[in-house]
There are 4 protein chains.
Amino acid sequence: MPADDLVQLTREIRQFAEARDWGKFHTPKNLAMAIAGEAGELAAEFQWMTAEESSLSSLSEESLEAIRFEIADVQIYLMRLADVLSVDISEVVRNKIAINETRFSK
Amino acid sequence: MPADDLVQLTREIRQFAEARDWGKFHTPKNLAMAIAGEAGELAAEFQWMTAEESSLSSLSEESLEAIRFEIADVQIYLMRLADVLSVDISEVVRNKIAINETRFSK
Amino acid sequence: MPADDLVQLTREIRQFAEARDWGKFHTPKNLAMAIAGEAGELAAEFQWMTAEESSLSSLSEESLEAIRFEIADVQIYLMRLADVLSVDISEVVRNKIAINETRFSK
Amino acid sequence: MPADDLVQLTREIRQFAEARDWGKFHTPKNLAMAIAGEAGELAAEFQWMTAEESSLSSLSEESLEAIRFEIADVQIYLMRLADVLSVDISEVVRNKIAINETRFSK
């Protein structure tokens, strides 16, 4: 199984949550709220930066480390939400790309 | 290549953006802002629902379809942000799970 | 009563909600979620702009009109949340400014 | 001058920012991002609560204090954004209520 398999990562996150009996907290509504919260924290990392300061070559290692954690937090709750709603992330992403292909022709 | 490979999906999203010359828009700051915007739209889908109404068995097909698109939008911008910052999503997710394992012992 | 009195505006918003029997929807949790949703829409207005393009002198009238509506939406739900939690917005804003005065000395 | 006058509060926040020479950071784009960040933190306070737990009578004083600060943070940046865009908050709120009156008839 490849290390970056979405299905496998989703399964690991589910096992983590189930082992702690967090199912009752992980309603779709609550998970959507958690995603908004983490996305807000991710945005906050960049709020006073110029476009240039936000580039990989300009970010401090400390800042980049904080951003990495926020990316992980958004991703974890997004996978959890997709899981409890039986949404196949790869499929919906590819569907959306296909729609965008027609909306934004080259 | 599996259909749900994170690296492969990220590459497809990059090619889509590069084919449209969107690189100048896809600064880390702008992408973080786009993630917050899409996460807000995802939250809005659930804002007046009770916990029960947000469950898979209660959601209307129309509502679920809108939610699927919002999940895709958050995921696409999150992959794009990780890509421009050379962040390995699988790695940061697993690092975060490992940290959470020690913070939330069973 | 001045037209820009926070207490008066909050009362008008409350009357609007009560006349429609929206009390059961306006739990603090739901209102916080609505604020996140509207803040996301407000952010989305600016996401692909440069700092310069987001300035008052550069914004199109169409764009500014959309931004005005999003500001109103965030403000309405924020006043509603403060109202249902008996939070005095003027008081908490002044408290926060006083704290910031000590954190960020001139 | 009444303590809850929106124009007066906005002026105090402007003076605070100008005294610290924060004008260059307070572009509309950055302020919209800051609002999204603070709205995310506000949402995070409520994310695992049930609707009942989020009510004024159920919240702990500690939780309520944290929520008060988050409300203040969203309000401060919202007033700042309105100020730099010359938006009259009272006016846009009343315009939006008038529009909603026609959309949601009693």
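Look above for the structure.
So, here's what we can say about the structure. (Residues numbered from 1 in each chain as written. Chains lettered and ligands numbered in written order. Predicted model: local features only at pLDDT ≥ 70, side-chain atom pairs only at ≥ 80, totals over all residues. Heavy atoms only, no water.)

## Quick word on the relation of the copies chain B and chain A
Next up, step 1: In the superposition of chain B on chain A (RMSD 0.0 Å, axial shift 0.0 Å), the rotation amounts to 180 degrees. Taken together, the rotation and translation relating the two chain copies correspond to the operation of a two-fold axis. No C-alpha of chain B lies nearer the rotation axis than that of Asp 5 of chain B, which sits 2.4 Å from it.
Next up, step 2: Of all interface residues in chain B, 100% are interface residues in chain A too; the two copies therefore contact each other through one and the same surface. (Least-squares fit on C-alpha atoms with pLDDT ≥ 70 in both. Contact = heavy atoms within 4.5 Å.)

## Points about the nonpolar core
Next up, step 1: Judged by nonpolar contacts, the single largest core of 132 residues is most densely connected at Leu 42 of chain A, Leu 42 of chain B, Leu 42 of chain C together with Leu 42 of chain D.
Next up, step 2: Sequence-distant contacts of Leu 42 of chain B, that is, excluding residues within four places in its chain, are made with Ala 32, Ile 35, Leu 78 and Leu 81 of chain A together with Ile 67, Glu 70, Ile 71 and Val 74 of chain B. (Core = buried A, V, L, I, M, F, W, Y, C linked by side-chain atoms within 4.5 Å. Buried < 20%, exposed > 50% of the residue type's maximum accessible area, 1.4 Å probe, protein only.)

## Concerning the packing of helix 1 (residues 6–19) of chain A against helix 3 (residues 61–84) of chain A
All names here are of chain A.
Next up, step 1: Running from amino to carboxyl end, helix 1 crosses helix 3 at an angle of 90 degrees, the nearest separation of the two axes being 9 Å. The angle between helix 1 and helix 3 falls in the class roughly perpendicular. Taken together, the residues of helix 3 that come into contact with helix 1 (itself represented by Leu 6, Leu 9, Thr 10, Ile 13, Arg 14 and Ala 17) are Ile 76, Met 79, Arg 80 and Asp 83. (Axes fitted to C-alpha atoms, helices over the stretch in contact; angles between N-to-C directions. Helix = DSSP H or I, 4+ residues; strand = E, 2+ residues; numbered from the N terminus. Parallel < 35°, antiparallel > 145°, perpendicular 65-115°, else oblique.)

## Things to note about the pattern of salt bridges
Next up, step 1: Across all of its chains, the model carries 28 salt bridges over all chains by this definition.
Next up, step 2: In this structure, Glu 12 of chain C engages Arg 94 of chain D in a salt bridge whose closest nitrogen and oxygen atoms are separated by 2.8 Å. Note that Glu 12 of chain C is positioned in helix 1 (residues 6–19) and Arg 94 of chain D in helix 4 (residues 89–103), a pairing that runs across two chains.
Next up, step 3: When salt bridges with common partners are traced through the structure, they connect Arg 14, Arg 80 and Asp 83 of chain A into a single cluster. (Salt bridge = Lys/Arg side-chain N within 4 Å of Asp/Glu carboxyl O.)

## Some details on the side chain of His 26 of chain D
Next up, step 1: Among the structural elements, His 26 of chain D can be located in the loop between helix 1 (6–19) and helix 2 (28–46).
Next up, step 2: Relative accessible area serves as the criterion here: at 8%, His 26 of chain D is assigned to the buried category.

## Quick notes on the interface of chain B and chain A
Next up, step 1: Between chain B and chain A, the contact holds 62 residues from the first and 62 residues from the second.
Next up, step 2: Joining chain B to chain A, the criterion identifies 6 salt bridges.
Next up, step 3: For the salt bridge of Glu 101 of chain B with Arg 20 of chain A, the shortest nitrogen-to-oxygen distance reads 3.2 Å.
Next up, step 4: Along the contact surface separating chain B from chain A lie 17 residue pairs in polar contact (both at pLDDT 80 or more).
Next up, step 5: Contributions of two or more residues to the side of chain B that touches chain A are made by helix 1 (6–19), helix 2 (28–46), helix 3 (61–84) and helix 4 (89–103) of chain B. (Polar contact = N/O pair within 3.5 Å; in protein donor to acceptor, adjacent residues only side chain to side chain.)

## What about the interface of chain B and chain D?
Next up, step 1: Facing 5 residues of chain B, the contacting portion of chain D comprises 5 residues.
Next up, step 2: A buried area of about 410 Å², summed over both sides, lies between chain B and chain D, and 73% of it is on carbon and sulfur atoms.
Next up, step 3: When the area that chain B buries against chain D is broken down by residue, the three leading residues are Lys 29, Asn 30 and Met 33 of chain B, summing to 87%.
Next up, step 4: Put simply, chain B and chain D have 2 residue pairs in polar contact (both at pLDDT 80 or more) between them.
Next up, step 5: Class assignment for the residues of the side of chain B that touches chain D results in 3 nonpolar, 1 polar and 1 charged. (Buried area = accessible area lost by both parts, 1.4 Å probe. Nonpolar A, V, L, I, M, F, W, Y, C, P; charged D, E, K, R; others polar.)

## Some details on the packing of helix 2 (residues 28–46) of chain A against helix 2 (residues 28–46) of chain C
Next up, step 1: Contact pair helix 2 of chain A / helix 2 of chain C: the axes reach a minimum separation of 10 Å and the direction vectors enclose 45 degrees. Here helix 2 of chain A is positioned oblique relative to helix 2 of chain C, judged by the angle of their axes. Relative to helix 2 of chain C, helix 2 of chain A is oriented so that their crossing is left-handed. Residue-level contacts link Lys 29, Asn 30, Ala 32, Met 33 and Ala 36 of chain A of helix 2 of chain A to Lys 29, Asn 30, Ala 32, Met 33 and Ala 36 of chain C of helix 2 of chain C.
Next up, step 2: Residue classes in the contact of helix 2 of chain A with helix 2 of chain C are distributed as 6 nonpolar, 2 polar and 2 charged. (Left-handed = near helix turned anticlockwise from the far one by under 90°.)

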